[in-house]
Amino acid sequence: MANMDLTTLFESANNTHASEDDAMALVSSNSILEVDVGIEWRGIDCVFNDWLHISNLNLWRDFLPPELETELNGLHRGDTIQHHFAAGELVPGWQSSQLQRIKRDQFKPPLKGLEPIEPTLGRFYPKDFFKNVPEIVEGNKFPCRITEINEDELLIDLNHPLANKPITLTLRIASIKHASSEQGGRCNDIPAMICDHGPGLQDDLAQAETDFMHGKPFARINESDDADYYQTPRLTPYWDSLGLQQVSTYYRQLIPQGAHILDLMAGVHSPLQQAENSRYSVSCAGLNLTELENNPVCSERIQLDVNSAETLPFADQQFDVVLIHAAIEYVTHPQQLMLEIGRVLKAEGKIIISFSNRSEGDKCISLWARAHEFERPGIVLSYLRSAGCFADFQSFSHRGHLRPENDELANRLLHSDPVYLITANRT
């Protein structure tokens, strides 16, 4: 999907209540903007689009690249600008001096979780996990990557995760306000806000696959039978309404009319409920029949535990689309499941996997619980690659919206559930 197509994705999900005056407003040097800022970059075999919603971009004090700032004057709400940056122009460029060879015993992470954290090829860790490295100060949580492991040594890469990536930056104006005067305030670096908090961590190593299978990746705190654990139905959505709406809008763009869909690990609520579900035929497979009976999008309901089933109870090439929403973090045999999904998908059929940053901690696999939020798309991509029958990988993220005031968690969580979404096509 092209980057420009993604700029339309949020128009119905932004929850922007603009006045008629705002619709006629023009951007000027004293404007305060509500914007979506996105970066597109290419990884080893995947196109990544990472978006951040910024409620108050103050053109008087906040920093934007000059290439974008000069194009903003005179634009209207809904307008989009875009610029392509070479590697090293938007974030610090790659430097060989940032590769550091250290002793293995300099890796000293905190002790917590199901098992000790061990250094693993391709994984990212906070810099202060590495002790007595001259370039690292105590408390520095910025991620760095282990790129080589020997018997006694580690090679770590302290470069920015996007250091060697050309980046396309897009800014879409959601609303325009004007400040009468300015007396100071904190200056925000907009490229740093979008680039420095995770993008780049999703990609595989150039020279080797990231080792996500080290140790006991699929161990869980609660190893009891999943059917027993989930026997009490949950009849309300787990995500907030705005996060669900964003996934719904994406579904509308990706799923063709008349598609036969398999919604795996389904429950009472699906983003399809806001995605004009009359266009589709949906087979819902999940653990709790009561939840499925209360899910209005289901044209077929199948009770199924994917963690105990060796095969999916469907014919070869039966579906146009397979969905896994808010559930991939609970799968204990993902490679086997991806093979089965490949079997039941038609040629050129699509898989769409969506997730956020919250989960049921007792049933979440150890790999997922320990990973950085932006490493998790990389985990899902590794699952898909392992099946050997998927291609055309795309990764999408969007974060930064304020949580709806009527949400049950609004008093505890400021921001809406961030959306992460991976798509691939059956070859």
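Check the entry above for the structure.
Model, not experiment: these values are computed from the prediction.

Peer 1: Would you mind going over the sheet that holds strand β15 (residues 419–426) in detail, with residue names and values included?
Peer 2: Taken in spatial order, the 11 strands line up as β3-β8-β1-β2-β14-β15-β13-β12-β9-β10-β11 in an open sheet, and their pairing is mixed. Of all the strands in the sheet, just β3 (80–85) and β11 (300–303) have a single pairing partner and so form its edges. If you compare each strand with its neighbour and ignore which way they point, the axes differ by 15° on average. In the sheet, strand β13 (residues 345–355) pairs with β15 via six bridges, with the strands oriented antiparallel. What sits directly across from Ile353, in β15, is Ile422. Each of β9 (260–264), β12 (319–325), β13, β14 (390–399) and β15 touches helix α8 (residues 334–344); the most contacted strand, β13, lies at about 135° to it.

Peer 1: Talk me through the environment of Arg220; I want residue IDs and the actual numbers.
Peer 2: By secondary structure assignment, the location of Arg220 is in the loop between α4 (190–195) and α5 (226–229). It is 5.8 Å that separates the C-alpha atoms of Arg220 and Ser366, two residues lying 146 residues apart in sequence. Side chain to side chain, Arg220 and Asp226 meet in a polar contact 3.1 Å long.

Peer 1: Run through the side chain of Asp203, naming residues and quoting values.
Peer 2: Within the secondary structure layout, Asp203 lies in the loop between α4 and α5. Contacts of Asp203, omitting those with residues within four sequence positions, involve Trp41, Gly43, Ile44, Phe48, Arg145, Lys165 and Thr210.

Peer 1: Got a sec to walk through unusual backbone geometry? Specific residues and values, please.
Peer 2: At Met265, a position not held by glycine, the phi torsion is positive, near 55°. Inspection of the secondary structure puts Met265 in the loop between β9 and β10 (281–286). For Glu348, which is not a glycine, the phi torsion comes out positive at approximately 70°. Looking at the element boundaries, Glu348 is found in strand β13.

Peer 1: I'd like to hear about the sheet that holds strand β4 (residues 99–103), residue by residue, with values.
Peer 2: One open sheet holds the four strands; their spatial order is β4-β7-β6-β5, and the pairing between them is antiparallel. Pairing within the sheet leaves two strands with one partner each, and these edge strands are β4 and β5 (124–126). The mean inter-strand angle of the sheet, taken between neighbouring strand axes irrespective of direction, is 40°. Of the strand pairs in this sheet, β4 and strand β7 (residues 153–157) are connected by five bridges, and their pairing is antiparallel. Directly across from Lys103, in β7, lies its bridge partner Glu153.

Peer 1: An account of the pairing of β9 is needed here, citing residue identities and associated values.
Peer 2: With five of five residues buried, β9 lies mostly within the body of the structure. Burial along β9 is two-sided: the residues His260, Leu262 and Leu264 and Ile261 and Asp263 are all buried. As defined by bridge partners, β9 adjoins β10 across five bridges and the pair is classed as parallel. Its bridge partner lying in β10, Ile261 is registered against Val282. Of the pairings in the sheet, the one linking β9 to β12 comprises four bridges and is parallel in character. Note that in β12 the partner of Asp263 across the bridge is Leu323.

Peer 1: I'd like a description of the state of the cysteines, backed by residues and values.
Peer 2: Taken as a whole, this structure holds one disulfide when the rule is applied. The side chain of Cys284 participates in a disulfide bridge whose partner is Cys298; the two sulfur atoms lie 2.3 Å from each other. On the sign convention where negative is left-handed, the bridge of Cys284 and Cys298, at about -95° about the S-S bond, is left-handed. Separated by 14 residues along the polypeptide, Cys284 in strand β10 and Cys298 in the loop between α7 (289–293) and β11 bring together distant segments of the chain. Judged by its relative accessible area of 0%, Cys284 falls in the buried class.

Conventions adopted
- Residues numbered from 1 in each chain as written.
- Predicted model: local features only at pLDDT ≥ 70, side-chain atom pairs only at ≥ 80, totals over all residues.
- Heavy atoms only, no water.
- Pairing = 2+ DSSP bridges.
- Helix = DSSP H or I, 4+ residues; strand = E, 2+ residues; numbered from the N terminus.
- Axes fitted to C-alpha atoms, helices over the stretch in contact; angles between N-to-C directions.
- Contact = heavy atoms within 4.5 Å.
- Polar contact = N/O pair within 3.5 Å; in protein donor to acceptor, adjacent residues only side chain to side chain.
- Buried < 20%, exposed > 50% of the residue type's maximum accessible area, 1.4 Å probe, protein only.
- Disulfide = S-S within 2.5 Å.

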